[in-house]
Amino acid sequence: MSAPMEVVVSADSAGQLWNCAVFDPHSGTNLLSYRGGNTSARSLTVLNGEYILGAQLGKNFINVWEIQRKDQLQQKIVCPGVVTCLCASPNGLYVLAGIAEAIYLWEVSTGNLLAILSRHYQDLSCMCFTDDSSHFVSGGKDNLALVWNLSSVVQLDSPNTPEPRHILSLHSLPITDIHCGLMGPQARVATASLDQTVKVWEISSGQMLLSVLFDVGIMSVTFDPCEYFLFCGGSDGSIFQVSLCTTSLSRDKTFQTDNDGNQVFKGHRNLVTCLSVSMDGTLLLSGSNDETVRMWDVQSKQCVRSITHKGPVTNAAIIPAPANMFLPDSRPSIPLPRFSRHLNPSEQGEGAGGVCVRLGANTQDLEGTYLEKADKLYSLMSAITDKSVFGDGENTKVRVSELEEEVRTLKKINKDLYEFSSQLLTKPN
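Scoring rules and cut-offs
- Residues numbered from 1 in each chain as written.
- Predicted model: local features only at pLDDT ≥ 70, side-chain atom pairs only at ≥ 80, totals over all residues.
- Heavy atoms only, no water.
- Pairing = 2+ DSSP bridges.
- Helix = DSSP H or I, 4+ residues; strand = E, 2+ residues; numbered from the N terminus.
- Axes fitted to C-alpha atoms, helices over the stretch in contact; angles between N-to-C directions.
- Salt bridge = Lys/Arg side-chain N within 4 Å of Asp/Glu carboxyl O.
- Buried < 20%, exposed > 50% of the residue type's maximum accessible area, 1.4 Å probe, protein only.
- Polar contact = N/O pair within 3.5 Å; in protein donor to acceptor, adjacent residues only side chain to side chain.
- Contact = heavy atoms within 4.5 Å.
- pLDDT = per-residue confidence, 0-100.
- 1 Å grid on protein atoms, 1.4 Å probe; cavity = no way out; pocket = protein on both sides within 12 Å on 5 of 7 lines; lining within 4 Å.
- Points joined across faces, edges and corners; volume = space filled by probe spheres on them.
- Nonpolar A, V, L, I, M, F, W, Y, C, P; charged D, E, K, R; others polar.
- Phe/Tyr/Trp six-rings, centres within 6.5 Å; stacked < 30°, edge-to-face > 60°.

S.K.: Explain the sheet that holds strand β14 (residues 145–149) here, please?
M.R.: Strand pairing in a sheet takes place through backbone hydrogen bonds and is either antiparallel or parallel in direction. Spatial ordering of the open sheet is given by β12-β13-β14-β15, a layout of four strands whose pairing is antiparallel. Either end of the sheet is taken by a strand with one partner, and the two such strands are β12 (124–129) and β15 (166–168). Neighbouring strand axes in the sheet, compared pairwise and without regard to direction, differ in orientation by 20° on average. Where β14 meets β15, three bridges bridge the pair, whose relative direction is antiparallel. Looking at the pairing, Ala 145 lines up with Leu 168 of β15.

S.K.: Whenever I open this one, the pattern of salt bridges confuses me. Can you help?
M.R.: Here the idea is simple: oppositely charged side chains can pair when their charged atoms come close. Per the counting criterion, the structure on display carries eight salt bridges. With a closest N to O distance of 3.3 Å, Lys 411 and Glu 101 form a salt bridge. Here the residue Lys 411 occupies a position in helix α3 (residues 390–426), and Glu 101 occupies one in the loop between β9 (94–99) and β10 (102–107), the gap between them amounting to 310 residues. Overall, the relative accessible area of 43% leaves Lys 411 in the partly exposed class. Between Glu 419 and Lys 141 there is a salt bridge; the shortest N-O distance is 4.0 Å. Note that Glu 419 is positioned in helix α3 and Lys 141 in the loop between β13 (135–140) and β14, a separation of 278 residues in sequence. Overall, the relative accessible area of 30% leaves Glu 419 in the partly exposed class. Here Lys 141 falls in the partly exposed class, since its relative accessible area comes to 31%.

S.K.: Any chance you could explain the pairing of strand β21 (residues 229–234) here in plain terms?
M.R.: The side chains of a regular strand alternate, residue by residue, between the two faces of the sheet. Across the six residues of β21, five count as buried, placing the element largely inside the fold. As paired elements, β21 and strand β22 (residues 239–243) share five bridges and run antiparallel to each other. Residue pairing for β22: Leu 230 is matched across the bridge by Val 242.

S.K.: Can you help me understand the side chain of Gln 68 in this one?
M.R.: Structurally, the position occupied by Gln 68 is in the loop between β6 (61–66) and β7 (75–78). The class for Gln 68 is buried, based on a relative accessible area of 7%. Here the side chain of Gln 68 touches Ser 330 through a polar contact of 2.7 Å, landing on its backbone oxygen. Once you skip the residues sitting within four places of it in the chain, Gln 68 turns out to touch Asn 324, Met 325, Leu 327, Pro 328, Ser 330, Arg 331 and Pro 332.

S.K.: Honestly, the environment of Leu 275 in this entry has me stumped. Any pointers?
M.R.: Mapped onto the secondary structure, Leu 275 falls in strand β25 (residues 272–277). With relative accessibility at 9%, the residue Leu 275 sits in the buried group. Along the backbone, Leu 275 and Val 293 are 18 residues apart, and their C-alpha atoms lie at a distance of 9.7 Å. If sequence neighbours within four positions are ignored, Leu 275 has contacts with Ser 220, Val 221, Thr 222, Phe 231, Cys 232, Gly 233, Ile 239, Leu 284, Leu 285 and Ser 286.

S.K.: For this particular structure, what's the right way to read the confidence of the model for the protein?
M.R.: Fine structural detail should not be taken from predicted coordinates in areas where pLDDT scores are low. Per-residue confidence for the protein averages 86 on the pLDDT scale, and 84% of its residues sit at or above 70. Ignoring residues within four places in sequence, the model shows residues 346–367, a span with pLDDT below 50, making 41 contacts including any to other chains. This stretch, residues 384–391, has a pLDDT under 50; its non-local contacts, to residues over four places away or in other chains, come to three contacts.

S.K.: Which parts of the structure should I look at to understand the layout of surface pockets?
M.R.: It is the rolling of a water-molecule-sized probe over the atoms that shows where space remains empty. For the second largest pocket, the calculated volume is near 1500 Å³. At the level of elements, β1 (6–12), β4 (39–47), β8 (83–88), β12, β16 (175–180), β20 (218–223), β25 and β29 (313–320) are the ones that each hand at least two residues to the lining of the second largest pocket. Ranked by residues supplied to the lining of the second largest pocket, first place goes to β29 with six residues. For the lining of the second largest pocket, a count of residues per class yields 28 nonpolar, eleven polar and six charged.

S.K.: In this structure, what is going on with the packing of aromatic side chains? I would like to understand it.
M.R.: Each pair of aromatic rings is reported with the distance of its centres and the angle of its planes. This model, assessed by the stated rule, comprises twelve aromatic pairs. Centre to centre, the rings of Phe 240 and Phe 255 are 5.2 Å apart; their planes meet at 65°, and the pair counts as edge-to-face. Linking Phe 240 in strand β22 with Phe 255 in the loop between β23 (252–254) and β24 (263–265), this pair joins segments that are 15 residues apart in sequence. Ring pairing ties together the aromatic residues Phe 229, Phe 231, Phe 265 and Trp 296, which thus form one cluster.

S.K.: Help me out: how do you make sense of the sheet that holds strand β3 (residues 30–34) in this one?
M.R.: With antiparallel pairing, four strands are arranged side by side in an open sheet as β3-β2-β1-β29. Since the sheet does not close on itself, it has two edges, and those belong to β3 and β29, each with one partner. The average undirected angle you get between the axes of adjacent strands in this sheet is 20°. Sheet topology note: the β1/strand β2 (residues 20–23) ladder contains four bridges and is antiparallel. Pairing of Val 9 across the sheet is with Val 22, part of β2.

S.K.: I tried to follow the pairing of β3 on my own but got confused; where do I start?
M.R.: Counting buried positions along β3 yields four of five residues, so the element is predominantly enclosed. The sheet contact formed by β2 and β3 spans four bridges and is antiparallel. Note on β3: the bridge partner recorded for Phe 23 is Asn 30. Remark: six residues form the turn of the hairpin made by β2 and β3, two consecutive strands paired antiparallel; Gly 28 in that turn has positive phi of roughly 80°.

S.K.: Looking at this model, I keep getting lost on the environment of Lys 199. Mind explaining?
M.R.: Within the element layout of this structure, Lys 199 appears in strand β18 (residues 197–202). Look at Lys 199 and you get buried, because its relative accessible area is 7%. With 29 residues separating them in the primary sequence, Lys 199 and Leu 170 have C-alpha atoms 8.7 Å apart. For Lys 199, the contacting residues outside a window of four places in its chain are Leu 170, His 171, Val 189, Ala 190, Thr 191, Met 208, Leu 210 and Ser 211.

Given below as structure tokens:
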């Protein structure tokens, strides 16, 4: 049998049989499996067609496999915290990880940490690159989706902290999923939210093009390749197909089934966690908390295949089959380096080499946060060499520790309050 043009890559939270597996989308045959641990939602990605990366559920590291060596866990990338979402750029040059409310950007060739972006106020939930790797979009529990220009994030000569190109702030509850269409910086991006809406935006202008209201929270979203349809996975297990070619001129509409392409796929018994469409637009893939991955015929809305997992499905996608996935003797063209956990690895004893970027101080808040004030105090203390003030320096160090502990406490209180209020707002009547 010849290698398939497209494959299904999926993972579940149980990890009993494997961490993630590769299936034939047409027959459902298990082609490959990668063992060791389990992968959290929105955290399984293919890097340059040569590696599979999956963030370990509830842990602060990323599992890495060479894509053709299915049974051997190759290495672990230790991160500064638990990774809540992960994605690799389509050109294979960068890896993004969401850790708490910060975005970490690594350069693959050197392993250097190029940027830490802290513009979200709550934990990251999803991230997505445009198809040309020029932009990426991040979504979080703070209801915000931010559009970032990659070149402005990695620029070497700017003294300022990188700013998002656009702030998409019309959702009223946490963002659950993001999908970028084709055409690079001219692409459209869809954002799904617990506020029961899916919104379509234009990356170039940041303007909202369409908002569709449903009667359930939306957990996943995707376009078909031609962007004729928008597919939205609901918290009740339904998958809604929204026509983008309707003659309606209204930007805000409520979903209703009709003969113009607005239809519902029914079959899942629990919330739909992930969606993906084949390259020819005929097959829709869905993963659910009911522990199944289903293949649907888009035209007839019928489920043509169901693949059973051992736990809630956290990741599932149809991807073009990498060239060396089924060549056991092939090896990656470039070995994956050790990823740095600091912005300037030479200062932290992690070795020199490559290009490092030091970001400027955060100038967003004129009053400054506790951590910013603590950093200034610590820098001032380190810069003083007069022996007569060293005693004051020790007091300053104690004060810095107190401030840092206070900030950690306030962050925890803020996060707990936010999650409690979100649960109240989304609790069924």
